[in-house]
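Working through the structure, step by step
Chain by chain, the residues:
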Amino acid sequence: MDNYNKPIQYHNNALAYSISGRAKAEANDYEGALIDYNKSIALNSESGATYNERGIIKDHLKDYIGAIKDFDMAIKLNPNQSTAYTNKARSKVKLNDLAGAILDYNKAVSLTPNHERIYVERGNIKSSLKDFKGAIQDFNKAIQLSPNYASAYIGRGRAKEQLHDFEGGMWDFDKAIELNPDNHDIYLEKGHAYMRVKNYHTAVEFYNKAIELRPDHNSGYLSLGIAKDYLRDFMGAIECFNKAIELNPDFGKPYFERGHSKGKLKDNTGALKDFDKAIELGSEVATVYDNRGYLRHHMKDFDGAMLDFNKAIELTPDFSTAYNNRGLLKNQLKDSAGALSDFTKAIELDPKFANAYNNRAGTKITIKDFKGALLDCNTSLLLNPKLASAFANRGIAKQKLLDYAGAKEDYNKAILLNPKLTSAYEGRGYVKMKLKDFRSSIADYDKAIELSPFNSELYNERGIVKKQWRDYKGAISDFNKAIEFNPRHSKLYINRGHANYLLKDYNAAIDNYDKALELNPRLGVAYINRGNSKIKLYDYDGAMKDYDMALQISPSDSNGYYSRGIAKFWLDDKKGAKLDLIKSQQLGHPKAKDAIIKYCPE
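All values derive from a computational prediction rather than experimental measurement. (Residues numbered from 1 in each chain as written. Predicted model: local features only at pLDDT ≥ 70, side-chain atom pairs only at ≥ 80, totals over all residues. Heavy atoms only, no water.)

With respect to the pattern of salt bridges
The test is simple: The term salt bridge refers to a side-chain nitrogen of Lys or Arg lying within 4 Å of a carboxyl oxygen of Asp or Glu. Only DSSP runs of H or I reaching four residues or more are called helices, and only runs of E reaching two or more are called strands; each is numbered from the N terminus. A simple rule labels every residue: compare its accessible area, found with a 1.4 Å probe on the protein chains alone, to the largest value its type can have, and call it buried under 20%, exposed over 50%, or partly exposed in between.
Tallied over the entire structure, the rule returns 55 salt bridges. Taking the shortest distance from any N to any O, the salt bridge between Arg 117 and Glu 121 comes out at 2.8 Å. In this pair, Arg 117 and Glu 121 both sit in helix H8 (residues 116-128), four residues apart, roughly one turn of the helix. Note on Arg 117: relative accessible area 43%, which makes it partly exposed. Residue class for Glu 121 comes out buried when judged on its relative accessible area of 13%. A salt bridge links Lys 398 to Asp 410, with the nearest nitrogen and oxygen atoms 3.0 Å apart. With Lys 398 in helix H24 (residues 388-400) and Asp 410 in helix H25 (residues 404-417), this residue pair connects regions lying 12 residues apart in the sequence.

Description of the layout of surface pockets
Gaps between atoms show up when a probe of the same size as a water molecule is rolled over them. We apply this condition: The way it works is a 1 Å grid over only the protein atoms, where trapped points that fit a 1.4 Å probe form a cavity and open points with protein on both sides within 12 Å along at least five of seven lines form a pocket, and then any residue with an atom within 4 Å of a point lines it. Grid points are joined across faces, edges and corners, and a volume is the space filled by probe spheres set on the points.
The computed volume of the largest pocket comes to approximately 950 Å³. Around the largest pocket, the lining is made up of 19 residues, and of these Leu 328, Asn 331, Asn 359, Gly 362 and Asn 393 lie nearest the centre. Among the secondary structure elements, those contributing two or more residues to the lining of the largest pocket are helix H18 (285-298), helix H20 (320-332), helix H22 (354-366) and H24. Top element by residues in the lining of the largest pocket is H22. It accounts for seven residues.

Quick look at the packing of H20 against H22
Convention followed: Axis definition: a line fit to C-alpha positions, over the contact stretch in the case of helices; interaxial angles, taken between N-to-C directions, run 0 to 180 degrees. An angle below 35 degrees is read as roughly parallel, one above 145 as roughly antiparallel, one from 65 to 115 as roughly perpendicular, and any other as oblique. The sense of a crossing depends on the near helix, which, turned anticlockwise from the far helix by less than a right angle, makes the crossing left-handed and, turned clockwise, makes it right-handed. Any pair of residues with heavy atoms lying within 4.5 Å of one another is described as a contacting pair. The classification used treats Ala, Val, Leu, Ile, Met, Phe, Trp, Tyr, Cys and Pro as nonpolar, Asp, Glu, Lys and Arg as charged, and all other residues, Gly among them, as polar.
Where H20 contacts H22, the two axes come as close as 10 Å, and the packing angle between them is 15°. By the criterion of interaxial angle, the relationship of H20 to H22 is roughly parallel. Crossing angle aside, the handedness with which H20 passes H22 is left-handed. For the pair H20 and H22, contact is made by Asn 324, Leu 328 and Asn 331 and by Asn 355, Ala 356, Asn 359 and Thr 363, respectively. The residue makeup of the contact of H20 with H22, split by class, is two nonpolar, five polar and no charged.

Structural notes on the packing of helix H35 (residues 574-586) against helix H36 (residues 592-599)
Put simply, H35 and H36 touch, their axes get as near as 8 Å, and they point 160° apart. Taken together, H35 and H36 sit at an angle that is classed as roughly antiparallel. In the packing of H35 onto H36, the handedness of the crossing is left-handed. Only Ala 592, Lys 593, Ala 595 and Ile 596 of H36 make contact with H35, whose side of the interface consists of Leu 581, Ile 582, Ser 584 and Gln 585. Among the residues forming the contact of H35 with H36, the class breakdown is five nonpolar, two polar and one charged.

Focus: the side chain of Ser 40
So the rule is basically this: The term polar contact refers here to a pair of N or O atoms within 3.5 Å; inside protein, the definition further demands a hydrogen-donor-capable atom paired with an acceptor-capable atom, and it admits residues adjacent in sequence only when both atoms are side-chain atoms.
Tracing the chain through its elements places Ser 40 in helix H3 (residues 30-43). Residue Ser 40 is classed as buried on the basis of its relative accessible area, which comes to 1%. At 2.8 Å, the side chain of Ser 40 and the backbone oxygen of Ala 14 are in polar contact.

A look at H24
To keep things clear, this is the line we draw: Given a helix with a known number of residues, its expected span is that number minus one, times 1.5 Å.
The end-to-end C-alpha distance of H24, which contains 13 residues, comes to 19 Å, matching closely the 18 Å that a straight helix rising 1.5 Å per residue would cover. Among the 13 residues of H24, 10 are classified as buried, and the element is accordingly described as predominantly covered. Regarding H24, the residues found buried are Ala 388, Ala 390, Phe 391, Ala 392, Asn 393, Arg 394, Gly 395, Ala 397, Lys 398 and Gln 399. Residues of H24 that are buried sit in contact with H22, helix H23 (370-383), H25 and helix H26 (422-434). Two residues or fewer after H24 comes Leu 402, characterised by a positive phi angle close to 65°.

Side note on the nonpolar core
A general tendency of soluble globular proteins is for nonpolar side chains to be buried together. As a reminder, the rule being used: In this text, buried Ala, Val, Leu, Ile, Met, Phe, Trp, Tyr and Cys residues form a nonpolar core when linked through side-chain atoms within 4.5 Å.
In this structure, Tyr 105, Ala 159, Ala 176, Ile 186, Met 195, Tyr 207 and Leu 224 are the most contacted members of the largest nonpolar core, which totals 54 residues. Here this core takes seven residues from helix H13 (residues 200-213), the largest share from any one element. Every residue in contact with Met 195, bar those within four places of it in the chain, is listed here: Tyr 200, Ala 203, Tyr 207, Ile 226, Ala 227 and Tyr 230. One finds Ala 414, Ala 424, Tyr 513 and Ala 567 within the second-largest nonpolar core, a separate group that totals 42 residues.

Concerning helix H28 (residues 456-468)
Taking 1.5 Å of rise per residue, the 13 residues of H28 would be expected to cover 18 Å, and the 19 Å separating its terminal C-alpha atoms lies within 8% of that figure. Ser 456, Leu 458, Tyr 459, Asn 460, Glu 461, Arg 462, Gly 463, Val 465, Lys 466 and Lys 467 are the residues of H28 that are buried. Next to the buried residues of H28 lie H26, helix H27 (438-451), helix H29 (472-485) and helix H30 (490-502). Two or three places before Glu 457, at the opening of H28, Asn 455 has a side-chain oxygen 3.0 Å from that residue's backbone nitrogen. Immediately beyond the C-terminal end of H28, within one or two residues, lies Arg 470, with a positive phi of roughly 70°.

What about the environment of Ala 25?
Within the fold, Ala 25 resides in helix H2 (residues 14-26). Here the alpha-carbon distance between Ala 25 and Arg 54, two residues 29 residues apart in the chain, equals 9.9 Å. What Ala 25 contacts, discounting residues up to four positions off in sequence, is Tyr 30, Ala 33 and Ile 57.

The following block contains the structure:
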């Protein structure tokens with residue numbers, strides 16, 4: 001290589017510069033090669049071969065547009081030069097102009113119809129364009145021309161798998177291994193094939209074989225890490241990603257995958273750093289923003305999550321998963337209209353997105369569109385009959401539509417599919433309460449609390465069941481626990497106060513209603529209940545003031561008029577009592593008519 005400048009010393013001509021450029025290219029000195037090819041073309045601009053060779057150098061230097069211009073010039077000077085077409089196609093692929101690349105490969109095939117490599121390359125592009133049948137035809141032709149061409153079997157195996165011919169794909173990969181048993185890429189492909197059929201343990205075996213053959217190549221460690229992540233061996237996965245990063249610290253994909261695994265180990269800080277690095281390196285940027293947004297959502301960094309989902313959608317406007325995830329965030333932010341819009345967009349982009357239908361159903365439940373929720377759950381389950389949360393949501397919709405038997409059946413199915421789904425036990429517990437099966441209802445709430453022991457609402461709901469079952473002390477115990485976890489929720493004090501009232505501990509009941517009103521002075525029911533407790537303590541004036549306040553807050557509350565009517569009767573204001581009870585009856589109170597007959601018969 002020390003002599004590659006000598007031709008120029010003696011022959012200042014185009015051929016000498018071309019020879020020198022070729023030598024420099026073989027030594028990977030592409031910048032030097034480009035200089036020599038420029039000089040050669042300056043001396044002789046009619047050599048198609050020189051333009052073709054300079055185009056290859058520009059491609060190496062990632063000047064793909066410049067490379068394509070040179071290949072076009074080579075073709076202009078020599079229209080039958082098939083290599084210029086294949087080289088131009090390769091540059092177009094790097095610019096993601098796959099349709100343009102196909103046209104160039106077509107021309108190359110017409111000029112050299114017996115060149116198997118061209119068919120393999122065109123077949124790979126067809127696969128990228130999801131023309132898997134066309135790709136298989138190209139791989140078949142390559143194999144016909146060269147039956148021992150391993151790359152053709154690999155490409156055909158990939159295409160067959162995309163058409164769900166997994167057996168045929170495996171056969172092709174095995175044939176490629178038979179032809180070239182020391183090619184680590186084939187073992188990677190076989191591992192990928194097992195990943196696609198969710199046989200992760202066997203995938204690990206093939207990835208280990210690929211690493212054994214090429215321990216210096218990061219792709220084996222990356223793939224092995226992904227397989228281990230699926231097997232929930234997160235620490236093992238992280239070790240693999242560490243190795244992949246060590247071998248190529250400028251490749252973003254291992255950082256992204258490592259962030260995934262760290263997130264599952266609840267190392268949120270480490271996960272965020274890895275996602276940040278993946279974005280910095282430009283690896284699958286929209287996907288990384290979406291995943292970082294998902295992590296930030298669960299870390300309750302709602303503003304950061306929203307920015308990430310917006311960025312993911314900005315970069316990839318047809319990113320259905322990002323719309324779905326942003327919809328979940330908007331749900332939590334109580335933006336039901338925005339959530340519905342995002343779930344609908346996700347479905348529009350991917351009509352088979354079962355989770356998006358289920359999530360939209362959840363939002364429809366929130367806005368009390370129970371029939372709409374039912375329809376979405378039905379579609380979700382049609383697409384994915386094993387989606388436990390969709391059965392749970394359908395149970396809620398049926399429950400709200402008073403179809404308790406149907407709701408119970410759906411909750412049963414949800415629990416069968418996912419025995420750790422808290423919402424299904426909670427929903428089934430509620431339905432059983434409505435069906436007066438209190439013992440079994442409490443058992444379901446027990447299970448829900450076992451799964452989510454810090455959920456105050458579960459204790460509250462179990463307390464309500466116990467109260468209906470007349471286990472008032474048990475109910476108070478549950479309300480105490482609910483208040484421990486959520487001491488600023490006024491409803492919990494009202495429920496505990498009512499249990500105290502039923503135990504005839506009226507002073508304790510009043511204390512609870514006082515606390516509820518301290519937290520929310522506009523709670524009409526707290527005034528009514530406190531008034532009822534005061535009646536029991538013969539504090540009629542205090543009770544009247546509470547009823548008056550309740551009706552001031554809620555002038556159409558039949559309970560307020562009913563309670564005040566009874567109080568007026570005991571204060572010997574029978575005329576006022578009758579007026580209030582009549583008003584209560586007009587507003588729909590179920591006991592008002594009988595009370596009028598009993599207390600105001602005239």
